[in-house]
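The residues making up each chain are set out below.
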Amino acid sequence: MEEDPDDERSAKAYAASVYCRKGVTSKIGLWQQKADEHLEKQMINPFSGLEGASHRAKLSKYDANYGLPVAGSLTERRGKQAGAQISCEIVELCQIIATIGQRVEESMWMVMFAPLFEHYTRVSNKLVGILMRAKKQKYVHFEGEMLYQGRDDDVVITLYKDPQTFDPSLIYNPDDELVKKYGKHRLC
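Let us look at the structure shown here.

The subject of this paragraph is the overall build of the protein. Each helix and strand in the protein was counted, giving six helices and four strands. A burial count over the protein gives 21% of its 188 residues as buried. Counting only contacts in the protein whose residues sit at least 6 apart along the sequence, the fraction spanning at least 24 positions is 48%.

What follows concerns the packing of aromatic side chains. Inspection of the entire model under this criterion finds one aromatic pair. Residues Phe113 and Phe117 carry aromatic rings whose centres are separated by 5.6 Å and whose planes lie at 50 degrees to one another, so their mutual orientation is tilted. In this pair, Phe113 and Phe117 are both assigned in helix α3 (residues 113-120), four residues apart and thus about one turn of the helix distant. Overall, Phe113 belongs to the buried group, its relative accessible area being 0%. Classification of Phe117 as buried rests on a relative accessible area of 18%. Sitting over the face of the ring of Phe142, Lys135 holds its NZ or CZ atom 4.4 Å from the ring centroid. When the ring centre of Tyr139 is taken as reference, the NZ or CZ atom of Lys161 above it lies at 4.7 Å.

Right, let's talk about unusual backbone geometry for a bit. The backbone phi angle of Lys138 is positive, close to 65 degrees, even though this residue is not glycine. Take Lys138: its relative accessible area is 61%, and that puts it in the exposed class.

Time to look at the nonpolar core. Within the largest apolar cluster, 25 residues are counted, with the highest numbers of intra-cluster contacts made by Leu93, Ile97, Leu116, Leu127, Leu131, Val140 and Ile157. Among the elements of the structure, α2 (74-100), β2 (108-112), α3, α4 (127-136) and β4 (156-159) are those that each provide at least two residues to this core. Top element by residues in this core is α2. It accounts for seven residues. For Leu127, the residues in contact, after removing those within four places along its chain, are Leu93, Phe113, Leu116, Phe117 and Tyr120.

Rules and cut-offs
Counting from 1, residues in each chain are numbered in the order their sequence is written. Totals for whole chains, interfaces and linings use all residues, but because this is a predicted model, local features are given only for residues with pLDDT of at least 70 and pairs of side-chain atoms are given and counted only at 80 or more. Working from all heavy atoms in the structure, the side-chain values ignore hydrogens and water. By definition, any uninterrupted DSSP run of H or I lasting at least four residues is a helix, any uninterrupted run of E lasting at least two residues is a strand, and each is numbered from the N terminus. Partly exposed residues are those whose accessible area sits between 20% and 50% of the maximum for their type, while under 20% is buried and over 50% is exposed, using a 1.4 Å probe and protein chains only. Note on definitions: a residue-residue contact is assigned when non-hydrogen atoms from the two residues lie within 4.5 Å. Aromatic rings from Phe, Tyr and Trp, with only the six-membered ring used for Trp, were paired whenever their centres fell within 6.5 Å, and each pair was classed as stacked if the ring planes differed by under 30 degrees, edge-to-face if by over 60, and tilted otherwise. Geometrically, a charge over a ring is one whose NZ (Lys) or CZ (Arg) sits within 6 Å of the ring centre while staying within 35 degrees of the ring normal. Residues belong to one nonpolar core when they are buried, are Ala, Val, Leu, Ile, Met, Phe, Trp, Tyr or Cys, and are joined through side-chain atoms within 4.5 Å.

Written out as structure tokens, the structure reads:
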């Protein structure tokens, strides 16, 4: 007995529709999961307009997590990577000052802003920002809060710490994804 080609086509069509419904059902479930996660985040968002979102507990500035990103979030990871990048650039700046500056004492170098600016602009265009950060962390000292090219060319910048004694974790973090990918010799 031969099978009817219409029966075979209808069986294939039925199998395809069942497969399609399973695919759609899983996509609907995935979409619902994403929607639920979004709603949960909006309920803790202090700027959300959702009803019930404003009735959550107020943040206390004495809370240990106040002002910090959610642990494990992409924001936290980006912040850590930015901090590591800035630390690396500070170490690089200190190494350049030690290279082109004049040694005054055992672990103290001095350099004028103009030659440092000329040398460092070949490396990076953010010298003043990195200098301000290094000053805040007490690696370098200079008069004033900010240095301007031309006006402050004769300002002396003093490096207080020997770059050879810096903690290697300032240069690279062995847990950093980029270090794992490119190796520990990746500077900045």
